[in-house]
Amino acid sequence: MNKVKADIVVIGAGITGCAIARQLGKYKSKVLVIEKESDASCGTTKVNSGLVHPGYAGEEGTLRLSIAHKGNLCFRENAPELDIPLKCVGSLLAIFKEEQMKSLEHYMQQGKKYGIAGLEIIPNKNGSLKEVEPNISDNVIAALYCKEHYMTSPYEAATGLYENAKMNSVDFMFSSKVCAINYNKTLKSFFIDTESFDSDLNFRVRHSRIIEADYIINAAGIFADDIAAMIGDDSFKITAIKGQYYLLDNEASELVRRPVLRMPDEDSPRSKGMTVCPTLGKNMLVGSTDEITSKNDFATNKDVLDDVKEKLSQMITGIPYDKIITSFAGLRAVSDNADFIISPSLKNNKFINVAGIQSPGVTCCFIISEMVIDIMKDLNIPLVSDSKFIPHRKRINKFSENTFEDKAKLYNMDNKYGEIVCRCEKVTEAEIIEAVKRGAATLDGIKFRTRAGMGRCQGGYCTMKVMKILSRELGLPFEKITKCGEDSYIAKYKI
Amino acid sequence: MKEKTLLKNIICISCPAGCSMEALSDGIKILSVSGNQCKKGIKFAEDEIINPIRILTTTVNINSGIVSRLPVRSKTGVPKEKVMQMAAELKKVKAATPVKMGDVILSDILASGIDIISSMSVDK
Amino acid sequence: MEKIHTLQNIKYDLTIIGGGPAGMAAALKASESGIDNILLIERNSFFGGILPQCIHGGFGLKIFNRELTGPEYAQIYIDKLRNSRIKVMPETSALSLFKDDDFIEVITAGKNTGILKIKTKAVILALGCREKTRGQISIPGTRPAGIFTAGFVQKMVNIEGYLPGKDVIILGSGDIGLIMARRLKLEGCNVKGVYEIMPFSTGLSRNISQCLKDFEIPLFLSHTVTNIYGEKRIEAVEISETDWQAGRREVKSGFKKYKVKCDCLILSVGLIPENELSKTCGIDIDNNTGGPLVNEYFQTSAEGIFACGNSLFVNDIADNVTEDGFSAAASAIDFLNKKDGFSISSYSRANIVPGENIAYCVPQKISLLKDVNFKIRARFPLKNALIEFEQINFRQKIKYVMPGELINIKISRDYFKNLPGLSSDLQINTAGSNNLKINNSGASDFKIQTDGRGAVKKQNNTEFGKSFSKIPDITVRIKEST
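Residues numbered from 1 in each chain as written. Chains lettered and ligands numbered in written order. Predicted model: local features only at pLDDT ≥ 70, side-chain atom pairs only at ≥ 80, totals over all residues.

### Some details on the overall build of chain A
(1) Moving on: Per the secondary structure count, chain A includes 12 helices and 23 strands.
(2) Moving on: In terms of overall dimensions, chain A is globule-like: its C-alpha atoms have a radius of gyration of 23 Å, near the 23 Å expected for 495 residues.
(3) Moving on: Its C-alpha atoms give chain A principal-axis dimensions of about 75 × 55 × 45 Å.
(4) Moving on: In chain A, buried positions account for 56% of the 495 residues.
(5) Moving on: Of the contacts formed within chain A by residues at least 6 apart in sequence, a portion of 71% connects residues at least 24 apart. (Helix = DSSP H or I, 4+ residues; strand = E, 2+ residues; numbered from the N terminus. Rg over C-alpha atoms; globule rule 2.2 N^0.38 Å. Buried ≥ 20, exposed ≤ 12 C-beta atoms within 10 Å, placed from the backbone. Contact = placed C-beta atoms within 7 Å.)

### Notes on the interface of chain A and chain C
(1) Moving on: Counting residues at the interface gives 44 residues for chain A and 38 residues for chain C.
(2) Moving on: Taken together, the elements giving at least two residues each to the side of chain A that touches chain C come down to helix H7 (302-313), strand E18 (324-335), helix H9 (404-413) and strand E23 (493-494) of chain A.
(3) Moving on: Ranked by the residues each element gives to the side of chain A that touches chain C, the list is headed by H9(A), at 6 residues.
(4) Moving on: Pairing of E23(A) with strand E9 (residues 162-163) of chain C involves 2 bridges; the strand directions are antiparallel. Paired with Lys494(A) across the bridge in E9(C) is Tyr162(C). (Pairing = 2+ DSSP bridges.)

### Section: the packing of helix H1 (residues 15-24) of chain A against helix H5 (residues 154-167) of chain A
Residues and elements named next belong to chain A.
(1) Moving on: Two elements in contact, H1 and H5, have axes separated by 8 Å at closest approach and are oriented at 30°. The orientation of H1 relative to H5 falls into the category roughly parallel. For the element pair H1 and H5, the recorded crossing hand is left-handed. Along its contact with H1, which presents Ile15, Cys18, Ala19, Ala21 and Arg22, the element H5 presents Pro154, Ala157, Ala158, Leu161, Tyr162, Asn164 and Ala165.
(2) Moving on: Looking at the contact of H1 with H5 residue by residue, the class counts come to 10 nonpolar, 1 polar and 1 charged. (Axes fitted to C-alpha atoms, helices over the stretch in contact; angles between N-to-C directions. Parallel < 35°, antiparallel > 145°, perpendicular 65-115°, else oblique. Left-handed = near helix turned anticlockwise from the far one by under 90°. Nonpolar A, V, L, I, M, F, W, Y, C, P; charged D, E, K, R; others polar.)

### Some points on the interface of chain C and chain B
(1) Moving on: Tallying the contact residues gives 25 residues for chain C and 23 residues for chain B.
(2) Moving on: Within the residue set of the side of chain C that touches chain B, elements represented by two or more residues are helix H2 (70-82), helix H3 (150-160) and helix H5 (205-213) of chain C.
(3) Moving on: Examining the composition of the side of chain C that touches chain B, we find that 5 residues originate from one element, H5(C), more than from any other.
(4) Moving on: Classifying every residue of the side of chain C that touches chain B by side-chain character gives 9 nonpolar, 10 polar and 6 charged.

### Observations concerning the confidence of the model for chain C
Residue and element names in this part refer to chain C.
(1) Moving on: Taken over all residues, the pLDDT of chain C has a mean of 86, while the share at 70 or more is 85%.
(2) Moving on: Note that residues 1-5 has pLDDT below 50 and, in this model, 5 contacts with residues that lie over four places away or in other chains.
(3) Moving on: Of the regions scoring below 50 in pLDDT, residues 424-467 engages in 68 contacts with residues more than four places distant in sequence or in other chains.
(4) Moving on: This prediction of the complex comes with two scores: 0.92 for pTM and 0.94 for ipTM. (pLDDT = per-residue confidence, 0-100.)

What follows is the structure, given as structure tokens:
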């Protein structure tokens, strides 16, 4: 049996786990992130609007609300050094009934309390709202405009955090699902068992290696309660709440100038309501919903998505549903009290829970990671600053974002910048090879790092080309290349 | 007196028109055909009753640096019931480059008298 | 190897974008007609477009009077291309088009050709088409691996030599779905069935016969996939019966839905003309075809830019695509030689508007200068039908109308004399000359406008349609013959 020893183990490589990992990279401790999927940000993180919220919405007295605006500021401060794309877009929160006006006023007050600038209620009268947002429907009676609403790409953010963590000697162990944790009182350390899917045998197999860690940070998303239960901590329960979205073609990008949010119908302790939301990739997100479901239910449902169409058509006129590229669903991790749980476990204070991270999870990823460090320092967990910490990380240079002259320069540097692999998003072979170097080993890994496969043909043209590159760069047979690990093969059998 | 049978719904596959035909047969030969728009239909109906044939198209392995598979076809129609067998037989073949469109890849497949030829030219 | 940077002095008279059957035909025709300086750009390393993966027969019946396979048909033109003086750039993608008053600029990227700015006098767009995806038709359920479009599988099997699965379900009875049903069966797969949402098949009847009947693959009409199961890899689909009602597809309530196990779902649910490049230049697109609006010269709304092949509208038969390629080239040649009829003012003197039971009709604009070959696709099947072009009193009987087969209608120029409003605006010279005497002054002011940054100003369709306001739109429809 082989043993792996780490000072600190982080369970989960979503945006929360990656942010914590990156933060821990600033210290000399040996850090290991264990993730059950084949890559970072494969869970809730990638099914996300990517909005960095201003922090005016939320329930009084909750941790979520109290750190939201600080989270926003912290994200804006830290994103540039990691080359995480971030754009100030502003937002409108639309209401339809006079009774909802008090909610807008409440948010306005709440926003002012937390120091959010640029909040303004705009009534839909005399064209004042239409001037700001031309396609807003007449059903909307007023909207709360907020200047401090930002937009990022959630998986690019997680990737940035993950890559920089790696640069700073944080190790990542993928395709490893934690299945048991035992605390040894004598050695004062945890022993973690993991398992993974064996595609030859076609079932889950426990690994023979065991991981020993002095401290564990539980950032396991919808499975955080299951992980906590492994050390006997059943103090919280996570409910999976599904959100479903449509993605519209970038031809729809002129529809709205900024995210337009729909005030939820009744008080929802859960995430923000529906939105018509542009993305940095120029496709348009339309959704989402909230249904309580099981932790493995990622299916989209026709009636739910029809409801999305109906409700949002009443908010924005002319949503071009004939330009749908795809639809998808993600699961929010919602705790019993619908709040963030960021604290050491009462069962064992060397086990820190970072659970129930629903919206504003992306917004607060940096501040949460700082809070975790504070908790660790309060517990006298030894954290020695590493002077060799590298704070900067550059994202992959995207051919399509360059001017003609710069494209030519890229080509002269590496002629693989001339080979267009994804014709919809204009992604070149050079970028794909770079993505493999940075950790991509599946089609989804390439997709989320380069955008290849995200366009309107959804990989119809580029998939086999990307597979050939993966096969060559990883030294794997073509038929072994997967979409997202395990048995998600594409060209399953060689003729 | 020979029994006459009327065969319906013969879809001619000679061209994209796909005429839906009916043919009267005495069990040995075609007596009359209707629904066809050209002579090919009559020939097709006749073949279809007595000896249905199909053009077989598939790919074979090839020893090439630029393509992975070589598309091939039967030069003329092969007996319909032999199609799956012939496709299986062609799995044993590995073509060599250079090959020109029309080159025989496997002659007289399964002693049918029909050659399998290349649909494409490959230099190397 | 010499590094290529920006080359401002790359100039071609004619640039053809796309080296499939349409592009090759256009290039060869232009070359034969004496145009010296022709460039053909193709993103793949091979020419032929979709044909090399269409290893089945049915090609060449019209042009060569023989039944050829796709690769054979392509090889004929590839060989001609090799023996020509056409400059070819394989493994090169066109990134954008920009039209100025004097020239058209194409920016390309290629591993061996570099990043280039090419100036050309005329362009023929032969970009082909792409497939409708699962996401676009919103099939509910999970998003596992194992869901592919039929053309994608065709490429995987025929070009790469791999199978996508063993237990296959096919959604869509269009020709590509039917062809792949046979192909996969031949390669040893268990093709469980072809499911078609409509109560009729959209494929050629000969393909139902030789692809499904021959191999005992069941066809389920009025059925569709309503759910997908499987986490990382597809495990099953849910099939529901549909209830076709005057254009609205509804899943029949009360009818049992059932699950079918599979490890592969293949979608043959529609083709969409490829026009991303056309859009970078502001060319007007027809929402019915998904391709550019053109007149009978294959001229788009941008002067000097022509379109043909599947990029213009989805064709059924490659031979017709080749002929359209020839025609588009002939138009481009006339344009380069500055023949009359090519100023944008004559682009559109009348609009064709699709009416009842018309999915689309091409060309959508007519110049009134010559006979027109219309290509029409119906929405629904109809027996004993009548196709009618209302305002010009043209009617033609058609025995069988099938959505899977394009209808070709040739209308002589004489019919356009029936157009009301014409005599006061135009006089057609009946001596047979191609010139139209134009009474209406100001028509020649109709110039393509750029917005200062070089991009063609996005014009409304009506802008191009109302050049002669007294000429009404011509409605085409298919109805029952009385």
